[in-house]
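# Inside the fold
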Amino acid sequence: MNLAIAGMGWITPLGSGVDPVWERLLQGEEARAEKITDQFGDQCYSVFHVPESALASSAAHPRLRRASVISRFAAAAGVEALEAAGVKPDSQSAQRIALVFAISNGGVIYTKRFYRDIVETGAQSASPLLFPETVFNAPASHLAAILGITGATYTLVGDSAVGLMAIKMAEDLMTNEALDYCLVVGAEEVDWLLCDAYRRWRLLRLAPPVEPFARIDRGMILSEGAGAILIGRDGPIIIEATQAGGHYRTRAETEGKIKQILYDLSQAKIDFVISSANGTFIDKAECGAVQGIIPNAFVYTAKPALGESVGAAGLWQVILGSQALRCGELPPLLHAEATIPLRISPLRIPVAGARHTIVLSCGVNQQVAGLRLSIR
Amino acid sequence: MAKSNDTNEKRGAARVAVVAAGVVSPLGFGLSETLDSLREARDCVNGVTRFSVTGCRCKTAGQLPDERLLERRCNGAHARRRHRASHMVIQALGEALTQEPQFKPELTVVGTTSGGMSYGEDYFRSLNRNSSLRRSPTWIANYPAQKPVIDAQEAFGISAPCQVIANACASGTNAIGHAFECVRSGRYQRLLAGGYDALSELVFVGFDSLRASTPEKCRPFDRDRTGMVLGEGAAVLALENLDAARVRGARVLAEIIGYGISTDNFHMTQPDPSGIGPRQAMERALGSANISADVVDYINAHGTATAFNDAAEGKAISALFDRVPVSSTKSMMGHSLGAAGAIEAIISLLALQHQFLPPNINFHAADEDIDLNVVANEAQSAVLRTVLSNSFGFGGTNASILMRKFEA
């Protein structure tokens, strides 16, 4: 059963809307890093924030009044994907739409605020308004309410591979012929607390650029936003195969796991790979795996331009792959050394006639997954 | 309404067997202890010892004793760094694999609400108080929700992809239900499914702040109910295509025959008072199994003992079923959130295997607004063939699964 992408939505640090963001990536633009400090003012971090203007046109909804920004990102991307497909859910058709939500860190801003009150002032000061927004499925619940979805709604949690895991779940759900569509949304918000955690884990660099596939992995820059794809049974981009991967036990195992995914997905000629390289240890693993299995494929990663959006990252990659197949062009790979042993380009590069791409997601917390897209 | 025949096989759909199960909960470590606690109607809720509950109205929860939880812990630094939740999943999976040592899942689907939350708390507290962050890499690396599942798989040499569902308190039932549909569709032969959650201060205080938890006993469906108490634990079920299980001579513990999921968009923390969400989930489970409500012999209710949940669930049950026996086993062990649906699936399985109705303890007076046949305070012998288990959660997520006694 091949499923298709019927619509897409995108909220990123480079703005909102699939076509505008894509155009800016083609132009070689990079999100502007903003400095944030921890609550003690001791440590400064660079992050890629979604500009407020990107949400200006998104619809206000009562459910979003008290919601964290992650829910606003998700709603904007989800609504855009439905509109792009010309789908307007009503009480009947909404029952035939499932929602699968991918998330990693979730509503960290409200969670931190809620727990900080407990730590600093005691349990009696805990806010009953904040607590519901700390649960992982709060953004999915808000989006379901906005769209009127009353059937299957799932929130999946994982690392950067969770977006592709969510698409795999959608594929399983769509075996139910009672469903017309499955809306898959990935979203994340950024906060200094996450920066601190990833820094202590030695995965973060304090300022751009993100240097993909570099000899020394200097780390990633966190970002935020959302991506949404509406999966249906018809559309120009086909999800030909998904590979839920599995997990690697140690970093040394990562390349082998990725190779297995690439091997399984490269039964067709692969024209290019949308990589998840983000400046960390996973870059070497992906580089080695691509070199070993499909050395002739072009490789692109948008993380130097958009940052690491973790729960949203997989959906962003699928949007990138779909756009590249549709437009026959790949954006320039930013901040990459010329000596990288992969087919990369510092300039936008035509891939006209490209039929197949692999989207590869390797998370920093042991999960890996991939999928293959093709164009009709 | 579903068809009235009692053949629950949808045309062309595979039947789904439960071939192994494992559980740790306040009721006990393993199936045998759990069965004993259910039959003896033990109250396994006690004073919280894991963190300070100063400032909270509620002071109790169903807790797992660390000395037992960690007693079978493997040696080595890696094992010592694991979160308590990992040890729960390891014990539950270990028990299941004792029954089916060669079980190799193609996919593992597990529900949770908060992963390794207490490690996140340790990290934030240390940061906030400027105290030692020496252990922060351990806390950070072991905090993510998928980690306990990966840890448990690694402990037994399993490398299946993990889908971790966080649908609040419905997560465990959603995980089993989704796994059931994966096998029934014919896309998979065998999966692991379950749920886990460990107590954490943030979640405990959160429910207390909502006044959803009670300073008194947990009395589901009682007229004088005042709220829930939390719990913790893990449960794992091994699901397999029934035909494949038969071919290899596997022991079938029960069948899963239906699954229903619904989303009511009423409120983040309260169900629609009409009970439409739970009702749709149960109706869809009956439709999925292609059976009528009158063949259901027992319902393991979500039954949190909050005013709103029990009223909505009671209304939905009484609208669909005619005086079917109902109990909420949360009265004995507390509400273990993402684990609850999985643990209660195993309780339903034990009820089918041993032909008894698990009790709803602390039940003193019926609520005249809730017309239910509550299994009050003591387990009862019964002839059971089909049972339903409900789970509902924040965000309006509702899930129900149907299980049937296996008859070869």
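None of the values given here were measured: they were computed from a predicted structure.

Rules of the game
Residues numbered from 1 in each chain as written. Chains lettered and ligands numbered in written order. Predicted model: local features only at pLDDT ≥ 70, side-chain atom pairs only at ≥ 80, totals over all residues. Helix = DSSP H or I, 4+ residues; strand = E, 2+ residues; numbered from the N terminus. Rg over C-alpha atoms; globule rule 2.2 N^0.38 Å. Buried ≥ 20, exposed ≤ 12 C-beta atoms within 10 Å, placed from the backbone. Contact = placed C-beta atoms within 7 Å. Pairing = 2+ DSSP bridges. Axes fitted to C-alpha atoms, helices over the stretch in contact; angles between N-to-C directions. Parallel < 35°, antiparallel > 145°, perpendicular 65-115°, else oblique. Nonpolar A, V, L, I, M, F, W, Y, C, P; charged D, E, K, R; others polar. Core = buried A, V, L, I, M, F, W, Y, C linked by C-beta atoms within 7 Å. Domains from an automatic or database assignment. Expected span 1.5 Å × (residues − 1). pLDDT = per-residue confidence, 0-100. Left-handed = near helix turned anticlockwise from the far one by under 90°.

A few words now on the overall build of chain B. In terms of regular secondary structure, chain B is built from 14 helices and 16 strands. The C-alpha radius of gyration computed for chain B amounts to 20 Å, which stays within 12% of the reference 22 Å derived for 408 residues, consistent with globular compactness. For the C-alpha atoms alone, the extent of chain B along its principal axes is close to 65 × 50 × 40 Å. Counting all 408 residues of chain B, 65% fall into the buried class.

Moving on, we get to the overall build of chain A. The helix and strand tally for chain A stands at 10 helices and 16 strands. Taking 376 residues into account, the globule formula puts the C-alpha radius of gyration at 21 Å, and chain A, at 19 Å, falls close to it. Dimensions along the principal axes, computed over C-alpha positions, put chain A at roughly 60 × 55 × 40 Å. When burial is assessed residue by residue, chain A has 64% of its 376 residues classed as buried. Counting only contacts in chain A whose residues sit at least 6 apart along the sequence, the fraction spanning at least 24 positions is 80%.

For the rest of this paragraph, the subject is the sheet that holds strand β3 (residues 34–37) of chain A. Residues and elements named next belong to chain A. Spatial strand order, β3-β4-β8: three strands in an open sheet with mixed pairing. If you trace the sheet from one side to the other, it starts and ends with β3 and β8 (222–223), each paired once. Across two bridges, the pairing between strand β4 (residues 44–48) and β8 is parallel. Following the sheet pairing, Phe48 is matched in β8 by Ser223.

This paragraph deals with the packing of helix α3 (residues 108–121) of chain A against helix α9 (residues 201–209) of chain B. Viewed as axis vectors pointing N to C, α3 of chain A and α9 of chain B meet at an angle of 90°, and their least axial separation amounts to 11 Å. Put simply, α3 of chain A runs roughly perpendicular to α9 of chain B. Contacts between α3 of chain A and α9 of chain B involve Phe114, Tyr115 and Ile118 of chain A from the former and Glu201, Leu202 and Val205 of chain B from the latter. For the contact of α3 of chain A with α9 of chain B, the class distribution of residues is five nonpolar, no polar and one charged.

This brings us to the interface of chain B and chain A. In this assembly, 53 residues from chain B lie in contact with 50 residues from chain A. Listed by contribution, the elements that provide at least two residues to the side of chain B that touches chain A are α5 (117–128), α6 (136–142), α7 (147–155), β6 (162–165), α8 (171–184), α9 and β9 (254–263) of chain B. Partitioning the side of chain B that touches chain A into residue classes produces 26 nonpolar, 20 polar and seven charged. Here strand β6 (residues 153–157) of chain A runs beside β6 of chain B; their pairing, made up of two bridges, is antiparallel. Looking at β6 of chain B, one finds that Leu156 of chain A is bridged to Ile165 of chain B.

Residues and elements named next belong to chain A. Burial of strand β10 (residues 237–247) is extensive: eight of the 11 residues sit out of reach of the surface. One ladder, built from three bridges, connects strand β1 (residues 3–12) with β10; its direction is antiparallel. Looking at the pairing, Leu3 lines up with Ile239 of β10.

With that out of the way, let us pick up the environment of Asp224 of chain B. Residues and elements named next belong to chain B. Structurally, Asp224 can be placed in the loop between α9 and β8 (233–241). In this structure Asp224 comes out as exposed when scored by C-beta crowding, with 12 C-beta atoms within 10 Å. Measuring from C-alpha to C-alpha, the distance between Asp224 and His364 comes to 8.2 Å, with 140 residues separating the pair along the chain. The contact partners of Asp224, leaving out residues within four places of it in the chain, are Arg219, His364 and Ala365.

The next thing to look at is the nonpolar core. Grouped together as the largest cluster of nonpolar side chains are 292 residues, with contacts concentrated most on Leu156, Val184 and Val185 of chain A together with Leu239 of chain B. Per-domain counts for this core show at least three residues from each of domain 1 (3–232) and domain 2 (237–375) of chain A. Contact partners of Val184 of chain A, with chain neighbours within four places excluded, come to Val100, Ala102, Ala166, Ile167, Ala170, Ala228, Ile229, Ile231 and Leu315 of chain A.

In this model, Pro208 of chain A is joined to Pro209 of chain A through a cis peptide bond whose omega is 10°. Phi is positive for Arg323 of chain B, which is not a glycine, with a value near 55°. Phi angles above zero are rare outside glycine, and Asn377 of chain B is one such case at about 70°. Note on placement: Asn377 of chain B falls in the loop between β13 (373–374) and β14 (380–381). Of the residues examined, Asn377 of chain B has 14 C-beta atoms within 10 Å and is grouped as partly exposed.

Moving on, we get to the environment of Tyr298 of chain B. With respect to the element layout, Tyr298 of chain B can be found in strand β10 (residues 298–300). Along the sequence, Tyr298 of chain B and Leu384 of chain B sit 86 residues apart, while their C-alpha atoms lie 7.2 Å from each other.

Residues and elements named next belong to chain A. Once the domains are mapped, chain A shows domain 1 (3–232) and domain 2 (237–375). Averaged C-alpha coordinates put domain 1 and domain 2 at centres separated by 21 Å. Tallying the contact residues gives 59 residues for domain 1 and 57 residues for domain 2. Only β1, α1 (18–26), β5 (97–103), α5 (162–173), β7 (181–188), β8 and β9 (225–232) provide two or more residues apiece to the side of domain 1 that touches domain 2. With seven residues, α5 is the single largest residue contributor to the side of domain 1 that touches domain 2. The class makeup of the residues in the side of domain 1 that touches domain 2 is 36 nonpolar, 12 polar and 11 charged.

The next subject is the pairing of β9 of chain A. Residue and element names in this part refer to chain A. The element β9 is extensively covered by neighbouring structure, given that eight of its eight residues are classed as buried. Taking every second residue as pointing to the same face, both faces of β9 are buried, with Gly225, Gly227, Ile229 and Ile231 on one and Ala226, Ala228, Leu230 and Gly232 on the other. Bridging between β1 and β9 involves seven bridges; their strand directions are antiparallel. For Ala4, the partnering residue across the bridge sits in β9 and is Gly232.

In this model α3 of chain A runs 19 Å from its N-terminal to its C-terminal C-alpha over 14 residues, within 8% of the 20 Å that 1.5 Å per residue would give. For α3 of chain A, the full list of buried residues reads Val108, Ile109, Tyr110, Thr111, Lys112, Phe114, Tyr115 and Ile118 of chain A. On its buried face, α3 of chain A sits against α6 (192–200) of chain A together with α5 and α9 of chain B.

With that settled, the discussion passes to the confidence of the model for chain B. With 96% of its residues at a pLDDT of 70 or more, chain B has an overall mean of 94. Across residues 1–8 of chain B the pLDDT falls below 50, and counting only partners more than four positions away or on other chains, this stretch makes 17 contacts in the model.

Next up on the list: helix α12 (residues 307–320) of chain B. Residues and elements named next belong to chain B. Spanning 14 residues, α12 covers 20 Å between terminal C-alpha atoms, matching the ideal 20 Å at 1.5 Å per step. Among the residues of α12, those classed as buried are Asn309, Asp310, Ala312, Glu313, Gly314, Lys315, Ala316, Ile317 and Leu320. At its buried positions, α12 is contacted by α11 (276–289), β10, β11 (325–327) and β15 (386–393).

Okay, the packing of helix α4 (residues 84–99) of chain B against α7 of chain B next. Helix-helix packing is described using two parameters, namely the angle between the two axes and the distance between the axes. Residues and elements named next belong to chain B. Axis separation between α4 and α7 bottoms out at 8 Å; the angle between their running directions is 45°. As summarised for this structure, α4 and α7 are arranged oblique, according to the angle between their axes. Considering the relative orientation of α4 and α7, their crossing is right-handed. Taken together, the residues of α7 that come into contact with α4 (itself represented by Ala85, Ser86, Val89, Ile90 and Leu93) are Lys147, Pro148, Val149, Asp151, Ala152 and Ala155.

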